[in-house]
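One letter stands for each residue in the lines below.
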Amino acid sequence: MKTLMLTTAAALSMATIATAQDVKFADIDVTVELRDVENANALDYWPTIEADMEKVMTDRVASMYAPDGLDIDVSVTEVSLSGSTLLKEQGEFNTLQGWVYVRDENNGNLVDNFKINLRAETGQVGLQDGQIKLPEMQAFYDALLGAFADKTVERVLEEAN
């Protein structure tokens, strides 16, 4: 159900994106910087999170690409489960935080920067064979990366208009 709600939010965000024809994106670079965080082990479970997030974000702005557009640098600073950076079991996490830096492609000047703080929670859970059925971790992962990308693009478009 939570995935459905985030998908609906993503569709609404895409409608906003379609109205901002003057904003163009040139490059998106994602860095996950968890090395200085004590006990952070998210990269053990999600070693491709940088590439995955970069792909999700690039897909979101593909129709707004221009070589002279904005450069977006994302620095993911926290992947945690309710505040704990020591992920357990299957690497479950529900919090994704990071900073977004928007730069002018022509001169590299910083145009904007902002922090994104996301926390996913299971809304309604289903019953299957008399047991509670939680969403798969991959669904949380995909939803959080998608929501991060949507929030980033939404904010850049708001600032440009």
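All of the points below concern the structure found in this document.

Each value, and the rule that gives it
- Residues numbered from 1 in each chain as written.
- Predicted model: local features only at pLDDT ≥ 70, side-chain atom pairs only at ≥ 80, totals over all residues.
- Heavy atoms only, no water.
- Patch = residues over 30% accessible without salt bridge, like charges linked within 9 Å, V, L, I, M, F, W, Y side chains within 5 Å.
- Areas by Shrake-Rupley, 256 points an atom, 1.4 Å probe, with all protein chains shown as cover.
- Salt bridge = Lys/Arg side-chain N within 4 Å of Asp/Glu carboxyl O.
- Lys, Arg positive; Asp, Glu negative; His and termini not counted.
- Charge placed at Lys NZ, Arg CZ, Asp CG, Glu CD.
- Helix = DSSP H or I, 4+ residues; strand = E, 2+ residues; numbered from the N terminus.
- Buried < 20%, exposed > 50% of the residue type's maximum accessible area, 1.4 Å probe, protein only.
- Contact = heavy atoms within 4.5 Å.
- Phe/Tyr/Trp six-rings, centres within 6.5 Å; stacked < 30°, edge-to-face > 60°.
- Core = buried A, V, L, I, M, F, W, Y, C linked by side-chain atoms within 4.5 Å.
- Polar contact = N/O pair within 3.5 Å; in protein donor to acceptor, adjacent residues only side chain to side chain.

**Comments concerning a negative patch on the surface**
- On the surface, D27, D29, D68 and E105 cluster together into a patch of negative charge.
- Within the fold, D29 resides in strand β1 (residues 25-32).

**Let's talk about the environment of L86**
- If you trace the backbone, L86 turns up in the loop between β2 (70-80) and β3 (95-104).
- Among the residues examined, L86 registers a relative accessible area of 39% and is labelled partly exposed.
- Residues L86 and V37, 49 residues apart in the sequence, show an inter-C-alpha distance of 9.7 Å.
- Dropping the residues within four chain positions of it, L86 is found in contact with N39 and N41.

**Side note on the packing of aromatic side chains**
- Following the criterion strictly, the structure yields three aromatic pairs and no others.
- Measuring from centroid to centroid gives 5.9 Å for W46 and F93, while their planes differ by 80°, and the two rings are edge-to-face. Taken together, the residues span a long stretch of sequence, with W46 in the loop between α2 (42-45) and α3 (49-61) and F93 in the loop between β2 and β3 at a distance of 47 residues. Comparing W46 with F93, the two get one shared label, buried.
- Centre to centre, the rings of F93 and Y141 are 6.2 Å apart; their planes meet at 90°, and the pair counts as edge-to-face. Of this pair, F93 sits in the loop between β2 and β3 while Y141 sits in helix α4 (residues 137-160), and the two are 48 residues apart along the sequence.
- When its relative accessible area of 2% is taken as the criterion, Y141 is described as buried.
- A network of ring pairs unites the aromatic residues W46, F93 and Y141 as a single cluster.

**Describing the nonpolar core**
- Counting residues in hydrophobic clusters, the biggest one holds 39 residues, and the most contacted among them are M53, I72, V74 and V79.
- For this core, the secondary-structure elements that each account for two or more residues are β1, α3, β2, β3, β4 (110-119) and α4.
- Among the elements that take part in this core, α4 stands out by supplying 11 residues, more than any other.
- Once you skip the residues sitting within four places of it in the chain, V74 turns out to touch D29, V30, T31, M53, M57, W99, V100 and F148.

**Some details on the side chain of Q97**
- Relative to the elements of secondary structure, Q97 occurs in strand β3.
- When its relative accessible area of 13% is taken as the criterion, Q97 is described as buried.
- Among the polar contacts made by the side chain of Q97, one reaches the side chain of N117 at a distance of 2.7 Å.
- Contact partners of Q97, with chain neighbours within four places excluded, come to S75, V76, T77, E78, K115, I116, N117 and F148.

By themselves, these observations are geometric and do not establish any function.
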